[in-house]
Amino acid sequence: MKVHPYLRPGRDFAYPEYGAVYPPDRGFSVKHLRLELWIDFGSRRIRGIEELRLSRSDGGEGWVKLDACELEVLKVTSDGAPTDWHYDGQLLSVKVRGTEPVVAVEYRASPRKGLHFVGPDRANPGRGLQCWSQGETEYNRYWMVLLDHPSVKHTSELIVHVPKGFVAVSNGDLVRHEVVGDEEVWHWLMDRPHSPYLISVAAGEFELIEERHNGILLQYYIPRGWRDKAHLSFSKTPKVIDFLSSYLNHPYPYRKYAQVVVHEFIFGGMENTTATTLTDLTLHDELAHEEFSSDPLVAHELVHQWFGDLVTCRDWPHIWLNESFATYLENLFVLHDKGEEEFVYEMVRDLDSYLSEYRERYARPIVTRVYRYAAELFDSHAYPKGALVLNALRSLLGDEVFRRGLSEFLRRFAYRTADTEDFRKVMEEVSGRNLELFFEQYLYNAGHPVISVEEEYDEGSGTLKLRFRQTQGEDSLPEYWVPVRVEVNTGSGKREFRLELRSREEVFVLPVGERPRWVCVDPMFEAFAVIERKLGDEVWIRILKEDTHTYCRILAARALGKSGSERAVEALGEVLRSPGTFWGIAVEAAKALGNARTESAKRELLEALKEVRNKKVRTAVCEALSNFRGDREVIRTLTAVFEDPTEGYYTRQAAASSLGKVGREEVRELLLKHIDDPSHNNVITAGCLRGLAEIGDEESLKVVMRYTEDDKPSHVRAVAVSLLGRFPGRREVIERLRELSRDESYRVRRAVVAACSELFTPQVLGILNQMAEQDTYEMVRRAARDAAEKVRKALERGTEYKALREEVERLREENKKMLERIAAISRPVEVKG
Ligand SMILES: [Zn+2]
């Protein structure tokens, strides 16, 4: 086999000027960080007095360099005495002496990132004041002085001064809280070492709910008005802690776990040690609860308290040790909490989301040093792909050995950092196996195996011939080692075979005794591979209706949707409507019927809306109905769903956007009538806006433009802004996008990039290039650069096409002239005149 690290470095991830990024080597370490912080909500400014206890091997005089961005440094001392120092806006250099110097810094700042202020605004006049930090990747340096890299670990302490009535939450235990005059002081101590990006503060007017669970103090900091709904988001917290402590055979590592809900958070959640910050978008009411769950987010951030906070990736290239683990263990909690079907469906959707990044954007090794911004590594390779790799590893080793490996990894690297090789060696030690090939295939190379399977039964010998071909492209390894299970179903029962694929083409002859009714490849979704099969509809129907494995049934539903035959549609409809069907399979059946687009597929979908009550399935049916443009009955049915307040918010959202697509101009008034109906995260408004964008006329554009204004919530504005990409060829759209490219909201700016990437005109290049250079956030810069690249390429293709057409025109013209000349030459002389 031809496999070695970085044989396949990937495609389209690294731009030409990208090089290897190495961690800083500053020659000293930090023992403890103590920061006294004054937060001024009015001016959005802070003042800090910070003390860093350092450790140096050289006891003589020397300089230390600390990360500190855009601060106004007022005073620096070393061991309490004035010392030489200089500051360039990025690095603070301080002259120190001795092996354990204490550097103290006094500074002021109005941070552009790292520390965010929110408060009442035009869209949220009743909103309370909040100030929250986001350290990952390297943003804490915008509001404190530190050695800002994940390889660093030390204890920390924050003494936060806020106005009376405000709460300030940080890492570790609350050691002191007092009211002094019109000020409150919150003193938090994190007495176990953690990495600097995990230091956090969140201050504001919160309502606090507290409980104790197995000696752990659980705190929930909720914005005003949401107290009575908090249990819908957080009631699983103790169950997740119990599951993880037991699965990992490692108790929750700290004494407190706080979940702090903040406004305008730029991610879903951030696992700051003992003090996770979460977006307010996760809060929801009872109606939303039937379709929407905070459990995955709660579980994900909790996993990080072990993988990420207790054991931290030593450097950003190893971020999968944080993110893939959080993603995968979040799914294992689903397995524990909801069972096998839900777990497999989660994993299949992880595969879908990795494949969409792989197909539409790029391929890269999960572990790579070649990048520009650390933030670029937080993608669908680090999250879902890594989770799929861990799933393959668990399948290879077995659950018990896998668990013991994780437990040993945690024990050995607790309160320390680790890299991918550390993890591999622990897993090898515990399992007694050699895992180099596995790691090189899936972690140090780009791509994945694509396996096509053909089957042929031989009556004479009673054997089943299975031919496996690895058909992955150039960005993946030429051949993978893939252990795979196969289940063969015959009239008299089922038999399981374990096969090992090692080369591009292999044939296995299996003694099965009688003609198989169907074969399920990788029934438990254990191999990390894309499986491709060409089977007749009747076989797919058997799998969809009779097989017990979620994965094979999903593949069957998808294949039958592509086929669209009468028999296929009938089977999909039956499975969709059957009350016993797992909702994930029903959702896939609905999607497949939408893809089939036939008259009978439409009938099945309409029937399903009469019978199926599950809100997630109803949402999928409404989405699938968008494929039947102009159909009167579809319009009538979707209208009824859309106007029914007992339907789920997400179902009504799907109905709204499908109505726009199916009904066009004639549903505009209907969408406008309900566009401001209250819903979870304004999803109904978002659905109406999408519907209007489908209509796509000037009237609709006016409304979409109206919702980009700042009296609307930022997540609604983001939807409206991204939909501007559906209105090409309008100067006012480009002008609006240009204005919004400097908007205060991160969500809005991301949406500007999305909109621009749909508008294939040279005018958006200016906007995108500027964002790629100047946006505050690296992720926006990267997205803008990718979008600019996409538009430029499309325009070049367009220009090439234009040039080609001109060439054809020219040739045609010449040809015509030539023909005329020939005609003139050959014209008989007699007819002249
Ligand atoms: Zn995470």
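Further up the page is the structure itself.
Residues numbered from 1 in each chain as written. Predicted model: local features only at pLDDT ≥ 70, side-chain atom pairs only at ≥ 80, totals over all residues. Heavy atoms only, no water.

**Looking at the packing of aromatic side chains**
Filter applied, for reference: Between 30 and 60 degrees the pair is tilted, below 30 it is stacked and above 60 it is edge-to-face, where a pair is any two Phe, Tyr or Trp rings, Trp via its six-membered ring, whose centres lie within 6.5 Å. Each residue is assigned to one of three classes by its accessible area relative to the maximum for its type, calculated with a 1.4 Å probe on protein chains only: buried under 20%, partly exposed between the two thresholds, exposed over 50%. Only lysine NZ and arginine CZ atoms are considered, and such an atom sits over a ring when it is within 6 Å of the ring centre and within 35 degrees of the ring normal.
One pass over the full model with this rule turns up 41 aromatic pairs. The interplanar angle of 65° and the centroid separation of 5.9 Å between the aromatic rings of Tyr 15 and Tyr 18 together place this pair among those described as edge-to-face. Of the two residues, Tyr 15 and Tyr 18, both sit in the buried class. The positively charged end of Arg 192 is found above the aromatic ring belonging to Tyr 415, 4.5 Å away from the centroid. For Lys 712, the ring lying beneath its charged end belongs to Tyr 707, and the centroid distance is 4.4 Å.

**Quick notes on the sheet that holds strand β20 (residues 269–270)**
Spelled out, the test is: Between any two strands, pairing holds if DSSP finds at least two bridges. Strands are runs of DSSP state E lasting at least two residues, helices are runs of H or I lasting at least four, and both sets are numbered from the N terminus onward.
Strand order in the open sheet formed by five strands is β17-β18-β19-β21-β20, with mixed pairing between adjacent strands. What marks the edges here is a single partner per strand, and that holds for β17 (206–213) and β20. The pairing of β17 with strand β18 (residues 216–223) spans eight bridges and is antiparallel. Residue pairing in the sheet places Arg 212 in a bridge with Leu 217 of β18.

**Considerations on the coordination of the zinc ion**
Operational definition: With water excluded from the atoms, a metal site may look incomplete; its donors are any N, O or S atoms within 2.8 Å, or within 3.2 Å for Na, K and Ca.
The protein atoms donating to the zinc ion are His 300 (NE2), His 304 (NE2) and Glu 323 (OE), with metal-donor distances spanning 2.0 to 2.1 Å. All donors of the zinc ion come from a single chain, and their spacing in sequence reads H-x3-H-x18-E. Remark: Glu 323 occurs in helix α5 (residues 320–338) and His 300 occurs in helix α4 (residues 295–306); sequence separation between them is 23 residues. Note on Glu 323: relative accessible area 1%, which makes it buried.

**Focus: the packing of α5 against helix α6 (residues 340–360)**
Formally: Comment: axis = line fitted to C-alpha atoms, over the contacting stretch for helices; angle = value between 0 and 180 degrees taken between N-to-C directions. Note that the term roughly parallel is reserved for angles under 35 degrees, roughly antiparallel for angles over 145, roughly perpendicular for angles of 65 to 115, and oblique for everything else. Each helix crossing is assigned a hand: it is left-handed if the near helix lies turned anticlockwise from the far helix by less than a right angle, otherwise right-handed if that turn is clockwise. We call two residues in contact whenever any of their non-hydrogen atoms come within 4.5 Å of each other. Residues were grouped as follows: Ala, Val, Leu, Ile, Met, Phe, Trp, Tyr, Cys and Pro as nonpolar; Asp, Glu, Lys and Arg as charged; and all remaining residues, including Gly, as polar.
At their nearest, the axes of α5 and α6 sit 7 Å apart, and the two run at 155° to each other. Taken as axis vectors, α5 and α6 run roughly antiparallel relative to one another. Viewed along their axes, α5 and α6 form a crossing whose handedness is right-handed. Within the contact between the two elements, α5 uses Thr 327, Tyr 328, Asn 331, Leu 332, Val 334, Leu 335 and Lys 338 and α6 uses Glu 340, Glu 342, Phe 343, Glu 346, Met 347 and Asp 350. Taken together, the residues of the contact of α5 with α6 sort by class into six nonpolar, two polar and five charged.

**Looking at the layout of surface pockets**
Selection rule: Within this scheme a cavity is a closed region of a 1 Å grid, computed over the protein atoms alone, that accommodates a 1.4 Å probe without allowing it to escape, whereas a pocket is open but has protein on both sides within 12 Å along at least five of seven lines; lining residues each have an atom within 4 Å of a point. Grid points are joined across faces, edges and corners, and a volume is the space filled by probe spheres set on the points.
The calculated volume of the second largest pocket comes to roughly 940 Å³. In this structure, the second largest pocket is lined by 37 residues; those nearest its centre are Asp 743, Glu 744, Ser 745, Tyr 746 and Arg 749. Going through the elements one at a time, β10 (115–118), α22 (714–723), α24 (746–756) and α25 (762–774) are the ones with two or more residues in the lining of the second largest pocket. For the lining of the second largest pocket, the element with the most residues is β10, which contributes four residues.

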